[in-house]
Amino acid sequence: MNIKKLFSLIALVALTTIPVGAETLTETEEVQETQQKTVTIPAWVNNIKFSGYGMLQYQGQDPEGNHSNSFNLRLARFILDGKIGDFDWRAQIQGTNATGPGQPTVQLVDLYAEWRKYPEFKVRVGQFKRAFTYENPTHPITQGWRGYADVINKLSAFGDRTGEKSSGGRDIGVQVSGDLFPNANGRKLFHYQVGVYNGEGVNQKDMDNRKDFIGGIWVMPIKGVRIGAFGWTGSRGGMLDPLTGEKRSIEKNRYAISAEYDLNEYTFRAEYIHSQGWGAASPGNNVREIDYSKGDKADGWYVFGIVPIVKGKLHAKARYQTYRNQKEWGTSVNQVECGLNYFFTKNLEMHLEYSRVNDRNLAEDKHNYNLVDMELDFRF
């Protein structure tokens with residue numbers, strides 16, 4: 001039920017409920033009684049918006065000896081947005097089919113408030129997306145692909161290399177951001193964002209009392225163009241060292257270089273990310289054991305283009321991506337992808353995608369395989 005309708009119903013019940021008594025009220029007394037029971041709905045309630053979306057998926061792949069195909073409930077989210085004075089707030093709950101250690105199927109992913117009185121200096125507090133890369137904060141549907149690029153998943157805190165549970169690129173902390181230097185048309189030319197976070201992912205306290213510091217800047221010299229860079233230094237605490245049997249922290253030192261053009265349904269984006277710091281035995285599953293065999297450096301990149309064939313209806317897309325778990329070609333996973341996105345309406349779309357995968361971590365004669373993906377995504 002709509003939040004506004006719910007409050008209206010409560011008010012109506014309050015107005016129409018008359019206590020049982022021995023005496024009958026006069027007409028004047030009834031009016032006074034009604035006036036006393038009038039409920040004033042707070043102004044902030046009128047600013048609450050309920051929304052959400054769902055992503056339904058079919059995926060098949062044919063690695064030698066490990067074929068699979070399945071229907072999948074990829075993602076569902078339910079969102080409350082509101083405004084109180086100069087503050088915006090959001091609460092978002094996510095449900096997925098993901099299961100694993102410390103990885104519930106339903107969890108709180110966003111809960112924050114942001115002071116937005118001045119666009120040059122905004123302050124956000126709570127749990128939200130980390131200030132790292134262009135793709136990390138992109139909406140899962142408008143991102144346009146079967147999933148975020150591998151390098152984003154592994155090095156931007158989705159199913160992170162350090163083993164923290166899948167968090168969609170989020171953490172708990174404080175962020176300052178703003179847009180500066182408007183041109184003659186009022187379009188801002190420079191953006192900055194700086195955040196301090198626990199470094200442990202969603203719904204997690206800091207395990208080593210050391211904070212992650214993440215920042216990014218970009219310039220927008222031409223309408224639709226962004227060119228930026230990001231930096232990240234921090235740690236993940238409570239990691240078991242298999243050599244000593246003791247708990248310790250592992251470092252996270254990362255940087256990213258990004259470029260994007262996004263205008264009139266044409267989107268082109270490229271990002272490179274480099275990471276220094278040991279990884280965990282099982283990324284993305286809340287594992288706290290160091291895996292020294294994977295080395296202490298990793299990197300990756302992607303580049304893609306999405307262009308309209310029929311504006312507002314049909315888009316074609318192509319993407320190339322590489323992720324190197326040890327910053328060596330022998331550990332790389334390379335993918336060439338192409339597909340179509342069809343829009344039934346602005347709130348209902350279908351994605352079709354084919355990917356040729358070259359995974360050099362597999363046996364030499366089994367590097368290459370095919371992957372197909374189909375999604376039906378909707379918003380409400």
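Residues numbered from 1 in each chain as written. Predicted model: local features only at pLDDT ≥ 70, side-chain atom pairs only at ≥ 80, totals over all residues. Heavy atoms only, no water.

Participant: Looking at this structure, I do not really get the overall build of the protein. What am I missing?
Facilitator: Helices and strands together make up the secondary structure of the protein, namely three helices and 18 strands. For the protein, with 380 residues in total, the buried portion stands at 44%. Across the protein, the fraction of contacts at a sequence separation of at least 24, relative to all contacts at a separation of at least 6, is 58%. Here the protein displays about 19,200 Å² of accessible surface, and carbon together with sulfur accounts for 60% of that area. (Helix = DSSP H or I, 4+ residues; strand = E, 2+ residues; numbered from the N terminus. Buried < 20%, exposed > 50% of the residue type's maximum accessible area, 1.4 Å probe, protein only. Contact = heavy atoms within 4.5 Å. Areas by Shrake-Rupley, 256 points an atom, 1.4 Å probe, with all protein chains shown as cover.)

Participant: Whenever I open this one, the pattern of salt bridges confuses me. Can you help?
Facilitator: A side chain with one charge may pair with a side chain of the opposite charge, provided their charged atoms come close. Under the criterion given, the structure shown has 27 salt bridges. The salt bridge partner of K297 is D296, with a shortest N-O separation of 3.8 Å. The class of D296 is partly exposed, set by a relative accessible area of 23%. Taken together, the salt bridges that share partners define one network made up of K83, D88, E114, R116 and R124. (Salt bridge = Lys/Arg side-chain N within 4 Å of Asp/Glu carboxyl O.)

Participant: Please clarify how the side chain of R146 should be interpreted in this entry.
Facilitator: When you line up the elements, R146 lands in the loop between β5 (121–129) and α3 (150–155). At 2.4 Å, the side chain of R146 forms a polar contact with the side chain of Q335. Of note is the side chain of R146, whose polar atom sits 3.3 Å from the side chain of E337. Ignoring any residue separated from it by four or fewer positions in sequence, one finds R146 in contact with Q57, Q59, R74, Q321, Q335, E337, E353, S355, L371, D373 and E375. (Polar contact = N/O pair within 3.5 Å; in protein donor to acceptor, adjacent residues only side chain to side chain.)

Participant: What is the right way to look at the pairing of strand β14 (residues 297–310) in this model?
Facilitator: Within a regular strand, side chains alternate between the sheet's two faces. Here strand β11 (residues 266–276) pairs with β14 via 10 bridges, running antiparallel. Across the sheet, the residue bridging to F268 is G305, located in β14. Inspection of the sheet shows β14 paired to strand β15 (residues 314–324) by 11 bridges, in the antiparallel sense. Its bridge partner being in β15, V307 is matched across the sheet by A316. In sequence, β14 turns back onto β15 through a hairpin of three residues, with G312 there showing a positive phi of about 80°. (Pairing = 2+ DSSP bridges.)

Participant: Quick question: what am I supposed to make of the nonpolar core here?
Facilitator: As a rule of thumb, nonpolar side chains are buried together in soluble globular proteins. By size, the foremost hydrophobic cluster in this structure holds 26 residues, and its most contacted members are F132, V151, I152 and I273. Elements supplying a minimum of two residues to this core: α3, β8 (212–219), β9 (225–240) and β14. With four residues, β14 is the single largest residue contributor to this core. Discounting residues that sit within four places of it in the chain, I152 has contacts with T133, E135, N136, A157, F158, E271, I273 and Y302. Among the nonpolar cores identified, the runner-up in size contains five residues, and Y53, L75, I79 and I141 belong to it. (Core = buried A, V, L, I, M, F, W, Y, C linked by side-chain atoms within 4.5 Å.)

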